[in-house]
Amino acid sequence: SALRDTRTKKTKTVCTFCGVGCTFDVWTKGRKILKVQPTPEAPVNGISTCVKGKFGWDFINSEERLTTPLIRQGDEFVEATWEEALSLIGRRLGEIKQRDGADAIGFISSSKVTNEENFLMQKLARSVVGTNNVDNCSRYCQSPATDGLMRTVGLGGDAGSIHDLASAGLVIIVGANPAEAHPVFATRIKRAQKLHGQKLIVADLRKNEMAERADVFIRPKQGTDAIWLAAVAKYIIDQGWHDRKFLEEKVNGFEEFAASLDSYDLATASEITGLSQEQMIEIATMIRDADGTCIAWAMGITQNCGGSETSAVISDLLLVTGNYARPGAGAYPLRGHNNVQGACDFGTLPVWMPGYQLWSDEAVREKFATNWGTPLPSTRGKDNIQMVEAMHDGTLKAMYLMGEDMAWVDANSNHVQAALENLEFFVVQDIFLTRTAQYADVILPACPSLEKEGTFTNTERRIQRLYQVMKPLGNSRPDWQIIQSVANSLGANWNYESPGDVMVEAATLAPLFAGVSYERLEGYQSLLWPVAADGTDTPLLYTERFATADGKANLVPVNYITPLTATEEYDLLLNNGRLLEHFHEGNMTNKSSGIQQKVPTTFLEVSPELAAERGLQDGAVVRLESPYGAVRLNVLVTDRVRGNELYLPMNSVSDETAVNLLTGSHRDVRTNTPAYKQTYVKMQVLRPR
Ligand code: SF4
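Residues numbered from 1 in each chain as written. Predicted model: local features only at pLDDT ≥ 70, side-chain atom pairs only at ≥ 80, totals over all residues.

Student: Could you clarify how one ought to interpret the sheet that holds strand β16 (residues 398-402) in this entry?
Tutor: Remark on secondary structure: sheet strands pair via backbone hydrogen bonds, oriented parallel or antiparallel. Judged by pairing direction, the sheet is mixed, and its 7 strands sit side by side in the order β5-β4-β18-β17-β16-β6-β7 without closing on themselves. With one partner strand each, in any of the chains shown, β5 (76-79) and β7 (134-135) form the two edges of the open sheet. Pairing of strand β6 (residues 105-108) with β7 involves 2 bridges; the strand directions are parallel. Looking across to β7, one finds that phenylalanine 107 is bridged to valine 134. In the packing of helix α2 (residues 82-100) onto the sheet, the strands contacted are β4 (70-73), β6, β16, β17 (425-430) and β18 (442-445), and the crossing angle to β18 comes to about 130 degrees. (Pairing = 2+ DSSP bridges. Helix = DSSP H or I, 4+ residues; strand = E, 2+ residues; numbered from the N terminus. Contact = placed C-beta atoms within 7 Å. Axes fitted to C-alpha atoms, helices over the stretch in contact; angles between N-to-C directions.)

Student: For this particular structure, what's the right way to read the environment of glycine 148?
Tutor: Topologically, glycine 148 is positioned in helix α4 (residues 143-152). The exposure class of glycine 148 is buried, given the 29 C-beta atoms found within 10 Å. For the pair formed by glycine 148 and leucine 88, sequence separation is 60 residues and the distance between their alpha carbons is 42 Å. Apart from the residues lying within four places of it in its own chain, the contact partners of glycine 148 are Ser308, Ser311, Ala312, Ile314 and Ser315. (Buried ≥ 20, exposed ≤ 12 C-beta atoms within 10 Å, placed from the backbone.)

Student: Is there a simple way to think about the site of the ligand in this case?
Tutor: Near the ligand lie 14 residues; those nearest to it are Cys15, Cys18, Cys22, Cys50 and Gly53. Among the elements of the structure, α1 (51-55) and α7 (183-196) are those that each provide at least two residues to the shell around the ligand. Its residues assigned to classes, the shell around the ligand shows 8 nonpolar, 5 polar and 1 charged. (Near = placed C-beta within 6 Å. Nonpolar A, V, L, I, M, F, W, Y, C, P; charged D, E, K, R; others polar.)

Student: Can you help me understand the sheet that holds strand β3 (residues 32-37) in this one?
Tutor: What the 3 strands build is an open sheet, ordered β1-β2-β3; its pairing is antiparallel. Every other strand in the sheet has two partners, leaving β1 (8-14) and β3 as the edge strands with one partner each. In this sheet, neighbouring strand axes are inclined to one another by 30 degrees on average, regardless of whether the strands run parallel or antiparallel. Relative to β3, strand β2 (residues 23-29) runs antiparallel, the two sharing 5 bridges. Paired with tryptophan 27 across the strands is lysine 35, a residue of β3.

Student: Sorry if this is basic, but what is going on with the domain arrangement of the protein here?
Tutor: Where the parts come together, the accessible area they lose is often given as the size of the interface. Taken domain by domain, the protein consists of domain 1 (70-138 + 338-449 + 471-520), domain 2 (143-335) and domain 3 (572-687). Placing the centre of domain 1 and that of domain 2 at their C-alpha centroids yields a distance of 36 Å. Each partner contributes residues to the interface: domain 1 has 4 residues there, and domain 2 has 5 residues. Residue composition of the side of domain 1 that touches domain 2, by class: 2 nonpolar, 2 polar and no charged. (Domains from an automatic or database assignment.)

Student: Help me out: how do you make sense of helix α15 (residues 307-320) in this one?
Tutor: Along an α-helix, residues three or four apart share an orientation, since each turn contains 3.6 residues. For α15, which comprises 14 residues, the first-to-last C-alpha distance of 20 Å matches the rise-based estimate of 20 Å (1.5 Å per residue) to within 8%. With respect to burial, α15 is a largely interior element, 14 of its 14 residues being buried. (Expected span 1.5 Å × (residues − 1).)

Student: I'm lost on the pairing of β6 in this one. Help?
Tutor: Within a regular beta strand, the side chains point alternately toward one face of the sheet and then the other, so they alternate between its two faces. Side chains Ile105 and Phe107 project from β6 onto one buried face, and the interleaved Gly106 and Ile108 project onto a second face that is buried too. Taken together, β6, helix α3 (residues 115-129) and β7 constitute a β-α-β crossover, and its handedness is right-handed. (Right-handed = clockwise from strand over helix to strand, strands pointing away.)

Student: In this structure, what is going on with the pairing of strand β27 (residues 645-649)? I would like to understand it.
Tutor: With 5 of 5 residues buried, β27 is to be regarded as a mostly interior element. What you see with β27 is no split at all: Glu645, Tyr647 and Pro649 on one side and Leu646 and Leu648 on the other are buried throughout. The pairing of strand β23 (residues 572-577) with β27 spans 5 bridges and is classified as parallel. Of the residues in β27, the one forming a bridge with glycine 577 is proline 649.

The structure is reproduced here in structure tokens:
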């Protein structure tokens, strides 16, 4: 059998469950995982891991793994050979391109697959099919952080390493829950608190674990973070605490930025955010007194209508106080998926080619076209959100989607599922038959990380190799091989023999990765981009210059986007996010028995005040309804949430409980990222306990 014992072996891998990028040895006998063993050599985590990295792997041997290609016949899926599936894909995509043009086809890539696979996916879209319609799930989470950083300092990545952050005098966590979503990152902060008295400020709606450990915990009203950040910046400037020398030498736009703060005095900010003036003065004073300040943020900021603008203000505040370009200072957007950084870095974005080279730059297009031997498309591509709309209006006819459960992960699931139904031809490549796959015409069985090799890039911009721990299950294949076969079924002649060949090509075409090679990444070695041709990497960004045209950072004037608010009918704010034990919507961790036993279902957190008002106790059953859909949930009464704020973990793929049945179609104004965090619902009590 597949589980028959063979030789015991150990193989280095990179964790697949979050952006921290822990590495460890996996001990196996055949397909059986004997243990996960972290090692002091691991650059990010050393001997630490969290529960997911240690115990989350049963899913690879799940009975539910897809092991053979499937083709739709009416309402059924029937097993097919790879040849049948690939030739159908080649024929149908070819016909649609011929009839409706390349822009009638869309590509969705994955932050769970490797850098090399992302590179190939965008190459397939751009060079073989001829469209810039390619995106990945950063559209749902991190695009606003990238946008805010690109506009201020020039690169969408953490300013330093996690090691640097541990040396900061002060860490400010805004709208993030690292103790559950980035556990080993949180461990580094906890240790720094003990070792050198690192100070911690947490700003969040919900009293999460790090909030309990913070020196200062503030709870600004949903979507108002830009205001208190601006007020703190204004107070610092008014007191003369800003870093004049740094601003003069390294930053443009101070006057204009300072003028944009005029309306954000402490009194006004207090009124809008619900914070006290003393709290904002205390934060300003702590930044003044700290030897280095880092600000880490995640989806509590980005998944709002003003996510990009608030991300820019975070970067502004760091610039005003001279907190860039030295260890223990700077911006730390916390990437959620293990390779969401790499998916963006390697070009599965409609406007960015690999290495953040603009699609619209003719010289860039020319360089790629010459190397690839095909012209590149000169029309702007659609992002995920625009692709969904184009499915609804019938202009997007076909889609090739890899490793993304879009039907549950995008906001407003009912709307997205109706769009998927509209597709004329839909290819899904995954390890499980997800809800999204149920809309497919062809399903291609792929391999999880343990069955393939390649590289992942973690939240620090650190590129690390993963090695093949075991052979693909059944007839499943590594994603890079599948993409190559699809390209060739469309008439290309790709001959990559291994992911290493792909990295050589990426390094040739993207200056950011010029010196990246598999030799330099052997074993536990790693590289933080940009990597110069001689192999020198960059753990700390901007020490010489910012990544802008003139080398100076740009302060972006504050532009506050008013958040959505409760209405008489939809009177409760529904916050949502991760749980420690589960990864994202749970497609992998729900199939890992240890984790599944621990947290088998999802639940709704309700504040003691609201529970008293509505007569609810633990175990009560309620129905939540938004303008977009409805769910039914068990109640957990907890003071982690307050007043009319609810919290629903996102680890559910069920018609009864999935959070995105409730989230809506409002978006970040600059990046189209759904405003998941600005969801309002009404509650009906079905059973009080
Ligand atoms: Fe994996 Fe993240 Fe846990 Fe590390 S912290 S073991 S990368 S889930």
